[in-house]
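Each chain, letter by letter, is given below.
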Amino acid sequence: MGLLSDMLRFAAFISFVLAIHGSPNCPEDCSCSHSTQEVVGPVYKVLCVQKGLLSIPDLTVLQAIQLPVVLNLEQNEIKSVSMLDFPPGLNIFSLDLTKNPEMKIAQDAFNNMNMTLKKLVLEAIKMTFEHPLAMLNKLSVLEELSLSHNNRVGYVTGAIEDIRVSLFQGPVVRSLKILRMSNCGIRSMVHSTLAGLHALEELDLSKNKFAQVPSTIKHLKNLKSLFMFRSGLHTVEDNSFQGMKSLEVIELNTNTIKTLSKDAFKGLEHSLKKLRLDRCFMQQIPTEALANLYKLEYLDLSQNAFTIAPPKVFVGHYCLRTLLISSENMVVDTSTFAGQETCIRDLTMKQMKLTRVPREALVHLKSLQELNLENNLIHRLPKNAFFGIKAMIISLAYNNLTHIEPGAFNGLPKRVSINLRHTHVSDIDFLIDYPEDAIETVNLDNAHLLCRCSMKSSLNATLNVNIHGTCMKQNLVLNLNSNRLAAILDEACLEESASNSSSLTMRTITTQIVLFFAMWWGTRV
């Protein structure tokens, strides 16, 4: 035990010394540490962030490191990068050169890392896309590349909106799996721009200026996820994804796509699982475009311009697990969800200006587990408001809810969880008179509860309910699980009793005065 204790103390001392004086295998002006990354495992992390560096520091000290090296040179003033900056023998796994805005990269800069570099981040370095990216040509194992926040016209000299070249050549086309080109001011790409990237699985073209989906993505036969949110799209033409039989996720949200043609997603019938079309100013639910997407499980149509969700609008060959749908004042029919009755488990109907729970449409959803009605205009829940609904998790957060009648949560499954955060519920009396296993949890955070006497009996009557939140008494805010709450409620009971007694006395005196004057007036008449 003594030897072990001495060794532990010695290890702690060495760690302390290294923290003060730096590791002998750490470049100057950088900090180094051992770490662990998911998938990769143990790594040696080298941080040289915001050090005012004008050039790449001497990295030869890293040649003794056997672990994969994660090197971050973000937010410096590095002017140039060449092959001399990365000598042979460096085991650099990940390199981040983000926000070195005047940096010039030589064509051979990364050649000595061709068999080790798997992740490269070149964001916001004022790169342009008028020529092929020759500095990447020799990278044989590069899997993840981020070029976002480059090539913006008006910000970067030589930036172009229309890419007319094939950007990738050499062995990198066979290894690259993730490519990010978000916020690059791109309006169009020629058909060959992304040609050859047969291993690519994830592509981010969001926050650009495309009017339509670029045809070059059809080269990406193994692409699984495509992100084009807020990318300027006005239309999704027929056959835009033809031949992309591996594509599972498409995010087209926050574009101006008012309508979708029938064959917009043709070719994805047996692959597409998740589709986001929220905030697209759509005026009709695209029933025909969705009908043949057999694998579709997640659909987001929230915050569009629908005026009605007509009967059977979701009838198709798919079986949705998650549906998000909303549009201010949209009318929901009792048969709106026909065809998905046994499918939908998670339903979100936020920001629709609902004034009541659309129970008649929801009772048909036999597999419903979670119901989100947040940010609506529901201010009152009558008795049986949820009767027959199958959800076990219900959120009414951010509604102007002030009154919940007894029995409002009748007819729900056992052990339901209710979210009433940021509502205006003033007491918890509504939790009384349910079976012991009816309600499991209630979240009342920021619900403006008052520490009233009635809360004492309500808490005693709902011992099996896990209640989260606080109550207020003058300037005092108490957690409902606080040990002090019992004393505060006792005090509230005494104050309310005294107030009620005082009120009763005043009413009695007032009554006697009225009777006296009535009798006096009667004698005069």
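Residues numbered from 1 in each chain as written. Predicted model: local features only at pLDDT ≥ 70, side-chain atom pairs only at ≥ 80, totals over all residues. Heavy atoms only, no water.

Enquirer: Mind laying out the overall build of the chain, listing which residues take part and the relevant values?
Expert: The secondary structure content of the chain amounts to 6 helices and 28 strands. When burial is assessed residue by residue, the chain has 44% of its 525 residues classed as buried. Put simply, 57% of the contacts in the chain that link residues at least 6 apart link residues at least 24 apart. A total accessible area of about 26200 Å² is found for the chain, and carbon and sulfur atoms account for 52% of it. (Helix = DSSP H or I, 4+ residues; strand = E, 2+ residues; numbered from the N terminus. Buried < 20%, exposed > 50% of the residue type's maximum accessible area, 1.4 Å probe, protein only. Contact = heavy atoms within 4.5 Å. Areas by Shrake-Rupley, 256 points an atom, 1.4 Å probe, with all protein chains shown as cover.)

Enquirer: Break down the nonpolar core for me, with residues and values.
Expert: Formed by 146 residues in total, the largest nonpolar core has its most connected members in F110, F168 and F386. Sorting elements by how many residues they give to this core places strand β26 (residues 439-450) first, with 5 residues. In this view, F168 contacts L133, L136, L145, L147, V173, L176, L179, T193, L194, A195 and L197; residues no more than four positions away in its chain are not counted. (Core = buried A, V, L, I, M, F, W, Y, C linked by side-chain atoms within 4.5 Å.)

Enquirer: Which residues make up the state of the cysteines, and what are the values?
Expert: Across all of its chains, the model carries 5 disulfides by this definition. Two residues, C30 and C48, share a disulfide whose sulfurs are 2.0 Å apart. Taking the torsion about the S-S bond as the criterion, the C30 to C48 disulfide, at about 110°, is right-handed. Separated by 18 residues along the polypeptide, C30 in the loop between α1 (2-21) and β1 (31-37) and C48 in the loop between β2 (41-47) and β3 (69-72) bring together distant segments of the chain. Since its relative accessible area comes to 0%, C48 is described here as buried. The residue that forms a disulfide with C451 is C471, at a sulfur-sulfur distance of 2.1 Å. Here C451 and C471 share a disulfide; its torsion about the S-S bond, 95°, makes the bridge right-handed. Linking C451 in the loop between β26 and α5 (454-461) with C471 in strand β27 (residues 466-473), this pair joins segments that are 20 residues apart in sequence. Look at C471 and you get buried, because its relative accessible area is 0%. Each bonded cysteine of the chain gets a number by its place in the sequence, and the pairs then read 1-3, 2-4, 5-6, 7-9, 8-10. (Disulfide = S-S within 2.5 Å.)

Enquirer: Help me get a handle on the confidence of the model for the chain, residues and values and all.
Expert: For the chain, the mean per-residue pLDDT works out to 90, and 90% of the residues sit at or above 70. Low pLDDT (under 50) marks residues 10-22, which in the prediction has 3 contacts with non-local residues, meaning those over four places away or in another chain. (pLDDT = per-residue confidence, 0-100.)

Enquirer: Which residues make up the environment of K262, and what are the values?
Expert: Mapping K262 onto the fold places it in the loop between β14 (249-251) and β15 (274-276). Distance in space between the C-alpha atoms of K262 and L290 is 8.1 Å, their sequence separation being 28 residues. The residues contacting K262, other than those within four sequence positions of it, are D238, E288 and A289.

Enquirer: Lay out the side chain of S240 with the relevant residues and their values.
Expert: Tracing the sequence through the fold places S240 in the loop between β13 (225-227) and β14. Accessibility expressed as a relative area gives 9% for S240, which makes it buried. A polar contact of 2.6 Å, which involves the side chain of S240, links it to the backbone oxygen of E237. Leave out the neighbours within four places in its chain, and S240 touches V213, I217, K218 and A264. (Polar contact = N/O pair within 3.5 Å; in protein donor to acceptor, adjacent residues only side chain to side chain.)

Enquirer: Give a description of the pattern of salt bridges that names residues and reports values.
Expert: Taken as a whole and judged by the stated rule, the model has 20 salt bridges. Residue E491 pairs with K473 through a salt bridge whose shortest N-O separation is 3.2 Å. Within this pair, whereas E491 is found in helix α6 (residues 485-524), its partner K473 is found in strand β27, the two being separated by 18 residues in sequence. Residue class for E491 comes out partly exposed when judged on its relative accessible area of 36%. In this structure, a network of salt bridges that share partners links the residues E251, K274, R276, D278, R279 and D300. (Salt bridge = Lys/Arg side-chain N within 4 Å of Asp/Glu carboxyl O.)

Enquirer: If you had to explain a positive patch on the surface to someone new, which residues and values would you point to?
Expert: A cluster of basic residues, K118, K177, K224, K273 and K295, forms a positive patch on the protein surface. Position of K224 relative to the elements: it lies in the loop between β12 (202-204) and β13. (Patch = residues over 30% accessible without salt bridge, like charges linked within 9 Å, V, L, I, M, F, W, Y side chains within 5 Å. Lys, Arg positive; Asp, Glu negative; His and termini not counted. Charge placed at Lys NZ, Arg CZ, Asp CG, Glu CD.)

Enquirer: Before we move on, could you go through unusual backbone geometry and cite the residues and values that matter?
Expert: Backbone geometry at A124 places phi at a positive 55°, although glycine is not the residue there. Residue placement: A124 occurs in the loop between β7 (119-121) and β8 (144-146). Using a relative accessible area of 22% as the deciding quantity, one classes A124 as partly exposed. One non-glycine residue with positive phi stands out, namely R230, at about 50°. Within the secondary structure, R230 sits in the loop between β13 and β14.

Enquirer: Can you explain the pairing of β26? Please cite residues and give values.
Expert: Put simply, side chains in a regular strand alternate between the two faces of the sheet. Where strand β25 (residues 416-419) and β26 come together, 4 bridges link them in parallel fashion. Within β26, the residue paired with N419 across the bridge is N443. In this sheet, β27 lies alongside β26 in parallel orientation, the contact comprising 6 bridges. By the bridge assignment for β27, L450 is matched with M472. Following the chain from β26 across α5 to the adjacent parallel β27, one finds a crossover that is right-handed. (Pairing = 2+ DSSP bridges. Right-handed = clockwise from strand over helix to strand, strands pointing away.)

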